[in-house]
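Notes for the structure review
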Amino acid sequence: KFITDRRSSKMSQGDRAEICWYFTESREQFRLKGELIMVTNDHPDEALQRQRVGTWKSLSDNARVQFVWPNPGLVRGQDADDEADFGNCNPDSKNPNENFVLMLMRPIRVDRLQLRGFPQRRTIWESNDG
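1. Focus on the overall build of the protein chain
A tally of regular secondary structure across the protein chain gives 3 helices and 5 strands. Against the 2.2 N^0.38 benchmark of 14 Å for 130 residues, the protein chain shows a C-alpha radius of gyration of 19 Å, more extended than a compact globule. In terms of overall dimensions, the protein chain has a C-alpha envelope of 60 × 35 × 25 Å along the principal axes. A total of 130 residues make up the protein chain; the buried ones form 26% of that total. As displayed, the protein chain offers around 9000 Å² of accessible surface, 47% of which is attributable to carbon and sulfur atoms. When the 20 positive and 20 negative side-chain charges of the protein chain are each reduced to one mean point, those points stand 9 Å apart.

What follows is the structure in structure tokens.
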């Protein structure tokens, strides 16, 4: 799971994603490809809404406040008032702001590459229904 702002460009990039992790100690790389579930404030699934609320509550105040700041990615003019735009933000700590989106990924393919040893080993798992 990860989070994003509803106003972010990520929201218009489709419902597929790829995530890659590299673990230095084990020298392994995991690449996950999957379908995204975007849990917004109007998502119909109650269980996912509870997960969204729980994730919101687990955020620090500094993380929550970013969702009430001005639209990310928009150019701010020279006459922008930082104090007015950023100074008096106090989002509800219990109820997620409408801009807060919980992103979940349902993996359809996992690619594990073991870089330690010779030869390197690759294992791929794929979903039968994806």
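Let's pick the thread back up.
2. Some thoughts on the nonpolar core
Among the nonpolar cores identified, the biggest contains 6 residues, and these are Leu32, Leu36, Val101, Met103, Met105 and Val110. Among the secondary structure elements, those contributing two or more residues to this core are strand 3 (28–39) and strand 4 (100–114). Take this core: its biggest share by element is 4 residues, from strand 4. With sequence-adjacent residues up to four places away left out, Leu36 is seen in contact with Phe2, Gly14, Asp15, Arg16, Ala17, Met103, Leu104 and Met105.

3. With respect to the packing of aromatic side chains
Applying the stated criterion across every chain, the model contains 4 aromatic pairs. Judged by centre distance (5.0 Å) and plane angle (65 degrees), the ring pair of Trp56 and Phe100 falls under edge-to-face. Of this pair, Trp56 sits in helix 1 (residues 46–58) while Phe100 sits in strand 4; the two residues are 44 residues apart in sequence, bridging distant segments of the chain. Across this residue pair, the class does not change: Trp56 and Phe100 are buried. Taken together, Trp56, Phe67 and Phe100 form an aromatic cluster joined through their ring pairs.

4. Things to note about the pattern of salt bridges
All told, the structure shown has 9 salt bridges when counted by the stated rule. Here Asp5 makes a salt bridge to Arg7, at a shortest N to O gap of 2.8 Å. Judged by its relative accessible area of 9%, Asp5 falls in the buried class. Residue classification places Arg7 among the partly exposed residues on the basis of a relative accessible area of 25%. Across the salt bridge formed by Asp61 and Arg64, the nearest N and O atoms sit 2.4 Å from each other. A residue pair is termed a helical-turn pair when its members lie 3 or 4 positions apart in one helix, as Asp61 and Arg64 do in helix 2 (residues 61–65) at 3 residues. Classification of Asp61 as exposed rests on a relative accessible area of 55%.

5. Describing the environment of Leu115
Looking at the element boundaries, Leu115 is found in the loop between strand 4 and strand 5 (121–126). Separated by 26 residues in sequence, Leu115 and Cys89 have C-alpha atoms that sit 47 Å apart. When near neighbours in sequence (up to four residues on either side) are disregarded, Leu115 contacts Tyr22, Arg27 and Gln120.

6. Topic: the confidence of the model for the protein chain
In the predicted model, the protein chain carries a mean pLDDT of 90, and the fraction of residues at 70 or more is 94%. Taking the mean pLDDT of every element in the protein chain, the minimum, 67, falls on helix 3 (residues 82–87) and the maximum, 97, on helix 1.

Scoring rules and cut-offs
Residues numbered from 1 in each chain as written. Predicted model: local features only at pLDDT ≥ 70, side-chain atom pairs only at ≥ 80, totals over all residues. Heavy atoms only, no water. Helix = DSSP H or I, 4+ residues; strand = E, 2+ residues; numbered from the N terminus. Rg over C-alpha atoms; globule rule 2.2 N^0.38 Å. Buried < 20%, exposed > 50% of the residue type's maximum accessible area, 1.4 Å probe, protein only. Areas by Shrake-Rupley, 256 points an atom, 1.4 Å probe, with all protein chains shown as cover. Lys, Arg positive; Asp, Glu negative; His and termini not counted. Charge placed at Lys NZ, Arg CZ, Asp CG, Glu CD. Core = buried A, V, L, I, M, F, W, Y, C linked by side-chain atoms within 4.5 Å. Contact = heavy atoms within 4.5 Å. Phe/Tyr/Trp six-rings, centres within 6.5 Å; stacked < 30°, edge-to-face > 60°. Salt bridge = Lys/Arg side-chain N within 4 Å of Asp/Glu carboxyl O. pLDDT = per-residue confidence, 0-100.

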